[in-house]
Amino acid sequence: MSEASTLFKVLLSVVLIAAPAVAFSLLYRTAPYGRHGARRVGPTLSTRMGWVVMECPSALAFAHFFFRGPNSLDAVPLVLATLWLLHYVHRSFVYPLEMRVGANATIPVAIVSMGFIFNMINSYLNGTWVSTYGSYPSSWFDDPRFFIGVVVFAAGFFINRQSDAILRTLRGPGETGYKIPEGGMYAFVSCPNYLGEVMIWTGWAIATWSLAGLSFAVFTAANLVPRALANHRWYRDTFPDYPRTRRAVIPWLL
Ligand code: NDP
């Protein structure tokens, strides 16, 4: 960490300091997209296009920052980058095409811009760390932190993808309304896709054992836990028969 550039240290500090402020503000004002998108918030983009623009730095900029690093062709960094890119190539270029949203669905340019900027910074921090400042000799494959991190990442990946797939089955072609999701981890929580997302980046933080990874895990939780609480309230207010035992995001707890 001591040899990291000033830019790296400043951006890492910004993300770590911003996370609690973001969580606090999102507890009071839910980001206006999807079911919380009624509020007028300036110009908008088509939802599909917005997701591609917002998420693509996490695939493209990460690949750029990773592959310019001196250790990028070492085995452990390559495996870590493969995990990251597996998630983000899908999230940036496949997920937006699969979404079941109305033809006129939009997302505010302000949300897309903030997501884009964060994803650029985050990709710089994590891509640069893994291939430049971090130290990952092949013996890291035998370290329990690598193993535990990859297992948590894989479990989160499965839960996230399964939950998003269940949501997609709720709408037929052209439908735009909301239904009560059932099956998979929806038996326990209203937002298992967010639970899976937080697990993915917690696993990444453990597997990389880095402040860059930690900053992303913390920021993801700061972003998605308040939204899960808002979605959960929305489900309860909207559906009188909503399952009473279901929690928002952490089974049996929250
Ligand atoms: P949501 O669960 O709000 O929505 C996902 C999709 O399912 C949307 O197309 C939504 O439609 C639709 N949908 C949601 N609930 C229902 C329902 N009850 N009935 C029918 N359709 C429904 O997730 P987000 O859009 O917030 O996030 C999408 C993915 O991106 C998730 O996997 C999430 O984890 C990830 N993400 C990651 C972030 C991070 O910080 N790393 C930040 C934000 C998202 P509509 O748009 O019309 O509501």
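Residues numbered from 1 in each chain as written. Predicted model: local features only at pLDDT ≥ 70, side-chain atom pairs only at ≥ 80, totals over all residues. Heavy atoms only, no water.

**Some thoughts on the site of the ligand**
- Close to the ligand lie 23 residues; Tyr 33, Asp 164, Tyr 178, Lys 179 and Tyr 194 are nearest.
- In this structure, a nitrogen atom belonging to the ligand sits 2.7 Å away from a main-chain N or O atom of Lys 179.
- For the ligand, an oxygen atom lies 3.0 Å from a polar atom in the side chain of Asn 193.
- Out of a free accessible area of 890 Å², the ligand has 90% covered by protein chains.
- Those elements that place two or more of their residues in the shell around the ligand are α3 (75-98), α5 (144-169), α6 (192-208) and α7 (211-238).
- The residue makeup of the shell around the ligand, split by class, is ten nonpolar, six polar and seven charged. (Near = heavy atom within 4 Å. Polar contact = N/O pair within 3.5 Å; in protein donor to acceptor, adjacent residues only side chain to side chain. Areas by Shrake-Rupley, 256 points an atom, 1.4 Å probe, with all protein chains shown as cover. Helix = DSSP H or I, 4+ residues; strand = E, 2+ residues; numbered from the N terminus. Nonpolar A, V, L, I, M, F, W, Y, C, P; charged D, E, K, R; others polar.)

**Some words on a nonpolar patch on the surface**
- Taken together, the side chains of Phe 188, Ile 250, Trp 252, Leu 253 and Leu 254 make up a nonpolar region of the molecular surface, amounting to roughly 540 Å² of accessible area.
- Inspection of the secondary structure assignment puts Ile 250 in the segment after α7.
- What makes Ile 250 partly exposed here is its relative accessible area of 36%. (Patch = residues over 30% accessible without salt bridge, like charges linked within 9 Å, V, L, I, M, F, W, Y side chains within 5 Å. Salt bridge = Lys/Arg side-chain N within 4 Å of Asp/Glu carboxyl O. Buried < 20%, exposed > 50% of the residue type's maximum accessible area, 1.4 Å probe, protein only.)

**Points about the side chain of Ser 123**
- You can see Ser 123 is positioned in helix α4 (residues 109-133).
- Ser 123 gets classed as buried once you look at its relative accessible area, which sits at 0%.

**Brief notes about the packing of aromatic side chains**
- For the structure on display, the rule yields 29 aromatic pairs.
- A centroid spacing of 6.1 Å and a plane angle of 45° characterise the contact between Phe 118 and Phe 216, whose relative ring orientation is tilted. Taken together, the residues span a long stretch of sequence, with Phe 118 in helix α4 and Phe 216 in helix α7 at a distance of 98 residues.
- Looking at Phe 118, the relative accessible area reads 15%, which means it is buried. (Phe/Tyr/Trp six-rings, centres within 6.5 Å; stacked < 30°, edge-to-face > 60°.)

**Brief notes about the nonpolar core**
- Counting 39 residues, the largest nonpolar core has Phe 8, Leu 80, Trp 84, Leu 125, Trp 201 and Trp 204 as the members making the most contacts within it.
- Mapped onto this core, the elements with two or more residues apiece are α1 (6-28), α2 (47-67), α3, α4, α5, α6 and α7.
- For this core, the leading source of residues is α3, giving seven residues.
- Sequence-distant contacts of Leu 80, defined by excluding residues within four places in its chain, comprise Val 130, Tyr 136, Phe 146, Trp 204, Ala 207 and Thr 208. (Core = buried A, V, L, I, M, F, W, Y, C linked by side-chain atoms within 4.5 Å. Contact = heavy atoms within 4.5 Å.)

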